[in-house]
Amino acid sequence: MHIQSRFILAIASLAFALASELPNEVRADELKEAKVTQIIQDVRVLPSNTSPRPAAVNDNVRQGTAVQTGVQSRSELTFKDQTITRLGEKTMFSVGEEPRTIELGSGQFLLYAPKKAGGAKLKAGPVTAAITG
C-alpha cells in the first residue's frame, strides 16, 4: 500500500507540473487573434487576400489582416487573454507574425494588457517597444 500511494503521489505531481506549464504555451498564441468589439464611424478590415471591407462587431482579426480607421473614427479590439487595443483616427493596425507582437503602420493606439497576460511587443516603423503588465 505504501508503494502504491507513492506512485499515485508521483503521478499527481507530474500531472500538476504539466498542467501548470500549459497556460504559458497557450498564452503565446493569445495575441494572434482578436475580435472587433467596438466601431465608431469608418473602420475597415483589410484581409491579405481580398479587398477591404467595412468592419463589423465580432469580426476576427488574425495574422495577415489589418484594421484601418478613418478620419474621426475609432475601434476597439479584444484578444483572447483580455488584452484590449483601442485604435484612434487614421490608424493602420495588424497582428504581427511573431508571438505576442502587434504592428502599427500609422496612427495612434492604446494597449491594455492584463497583469499576468505576458505583455506585448509593438513594431512601429523603425521603432520596436516591449510592454509588460
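The structure this text deals with has already been given above.
In short, a report on the structure. The structure presented is a predicted model; accordingly, all values stated were derived computationally and were not measured. (Residues numbered from 1 in each chain as written. Predicted model: local features only at pLDDT ≥ 70, side-chain atom pairs only at ≥ 80, totals over all residues. Heavy atoms only, no water.)

### Description of the environment of Y112
- Among the secondary structure elements, Y112 is positioned in strand β10 (residues 109-112).
- Distance in space between the C-alpha atoms of Y112 and R86 is 8.6 Å, their sequence separation being 26 residues.
- Beyond its immediate chain neighbours, meaning those up to four positions away, Y112 contacts Q82, T83 and I84. (Helix = DSSP H or I, 4+ residues; strand = E, 2+ residues; numbered from the N terminus. Contact = heavy atoms within 4.5 Å.)

### Describing the side chain of T65
- Along the polypeptide, T65 turns up in strand β5 (residues 65-69).
- For T65, a relative accessible area of 11% corresponds to the buried category.
- Setting aside anything within four residues of it in sequence, one finds T65 in contact with V45, L46, P47, F93, S94 and V95. (Buried < 20%, exposed > 50% of the residue type's maximum accessible area, 1.4 Å probe, protein only.)

### Structural notes on unusual backbone geometry
- One non-glycine residue with positive phi stands out, namely Q41, at about 65°.
- For Q41, the location among the structural elements is in the loop between β1 (33-40) and β2 (43-47).
- Relative accessible area serves as the criterion here: at 58%, Q41 is assigned to the exposed category.
- The backbone phi angle of K90 is positive, close to 50°, even though this residue is not glycine.
- With respect to the helices, strands and loops of the structure, K90 is situated in the loop between β7 (84-87) and β8 (92-95).
- Of the residues examined, K90 reaches a relative accessible area of 52% and is grouped as exposed.

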